Amino acid sequence: MQVKIHPSWKAVLAGEFEKPYFHQLIDFVKSEYAQHTCYPKGSEIFAAFDHCHFDDVKVVIIGQDPYHGPNQANGLCFSVNDGIPFPPSLYNIFREIESDLGKPLPKTGNLERWADQGVLLLNATLTVRKGEAGSHQKKGWETFTDAVIQKVSSEKEKVIFLLWGGFAQNKRALIDTSKHLILTSGHPSPLSANRGLWFGNKHFSKANDYLKSLGKKEIEW
């Protein structure tokens, strides 16, 4: 079965694509997209991998589920299409960047600009049915994205993992902490941020300081 994903990832993930769970997952996704409105659009399901090639991964940010409202999801966690108002979590991410780095809020919430610089914006579940949050969870996506995290951990060195909130922090077990930098904080959602668990984490400057120490190009957040 052919999966439309950037060649740099195909070589790394070829084994996953042949496993029975993945075949079942793709059958499920095809059926869902045929019978219901689902997000993101089919050509963007693997957008995180198309914009951030395996060799270029510097930072990994882990989200949970794509946005389930019209025209929001574009295959990158926390990101929305151009012209779409910032969802609350994304707004709080930008507010922390403003505080941390002194950068004004951007005009668009489309994070392709981050992905193109080596930030893997990985949702644990890559598809969702319109208006039904979590509707494609526990169908196989998590098995696949856990394998992605493990491959990045095992085959690369000195990657920065930003684990925001309990769900993302549970992925720590998949990461070799002896050779990667893990930064954790509360989730940027208002519920967490308003309890003082998000703002002031300075993850964006810390990530850039680490990249700088390695002689790597910093991310233009």
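Here's a quick rundown of the structure. Just so it is clear, the model here is predicted, and its values are computed rather than measured. (Residues numbered from 1 in each chain as written. Predicted model: local features only at pLDDT ≥ 70, side-chain atom pairs only at ≥ 80, totals over all residues. Heavy atoms only, no water.)

1. Describing the packing of aromatic side chains
If you walk through the whole model with that rule in mind, you get 19 aromatic pairs. Taken together, a centroid distance of 4.9 Å and an interplanar angle of 90° make the contact between Trp 114 and Trp 221 edge-to-face. Of the two residues, Trp 114 is situated in helix H5 (residues 112-115) and Trp 221 in the segment after helix H9 (203-213); the sequence distance between them amounts to 107 residues. Overall, the relative accessible area of 6% leaves Trp 221 in the buried class. Geometrically, the ring pair formed by Phe 204 and Trp 221 is edge-to-face, given 5.0 Å between the ring centres and 75° between the ring planes. You can see Phe 204 sitting in helix H9 and its partner Trp 221 sitting in the segment after H9, a full 17 residues away along the chain. (Phe/Tyr/Trp six-rings, centres within 6.5 Å; stacked < 30°, edge-to-face > 60°. Helix = DSSP H or I, 4+ residues; strand = E, 2+ residues; numbered from the N terminus. Buried < 20%, exposed > 50% of the residue type's maximum accessible area, 1.4 Å probe, protein only.)

2. Comments concerning the packing of helix H2 (residues 20-35) against helix H6 (residues 141-155)
Orientation of H2 relative to H6, taken along the N-to-C sense of each, is 125°, at an axis distance of 9 Å. The pairing of H2 with H6 is recorded here as oblique in orientation. For the pair H2 and H6, the sense of crossing is left-handed. Contact residues: Tyr 21, Phe 22, Leu 25 and Val 29 in H2; Trp 141, Thr 143 and Phe 144 in H6. Looking at the contact of H2 with H6, its residues break down into six nonpolar, one polar and no charged. (Axes fitted to C-alpha atoms, helices over the stretch in contact; angles between N-to-C directions. Parallel < 35°, antiparallel > 145°, perpendicular 65-115°, else oblique. Left-handed = near helix turned anticlockwise from the far one by under 90°. Contact = heavy atoms within 4.5 Å. Nonpolar A, V, L, I, M, F, W, Y, C, P; charged D, E, K, R; others polar.)

3. Description of the pairing of strand S3 (residues 119-123)
With respect to burial, S3 is a largely interior element, five of its five residues being buried. Of the two faces of S3, the one holding Val 119, Leu 121 and Asn 123 and the one holding Leu 120 and Leu 122 are both buried throughout. By the bridge criterion, five bridges tie strand S2 (residues 59-63) to S3 in an arrangement that is parallel. Residue pairing across strands places Ile 62 opposite Leu 122, the latter belonging to S3. (Pairing = 2+ DSSP bridges.)

4. Details of the packing of helix H1 (residues 7-17) against H6
The contact between H1 and H6 brings their axes to 11 Å, and the two run at 135°. In terms of orientation, H1 lies oblique with respect to H6. Handedness of the H1/H6 crossing: right-handed. Contacts between H1 and H6 pair Trp 9, Val 12, Leu 13, Glu 16 and Phe 17 from the former with Phe 144, Ala 147, Val 148, Lys 151, Val 152 and Glu 155 from the latter. Looking at the contact of H1 with H6 residue by residue, the class counts come to eight nonpolar, no polar and three charged.

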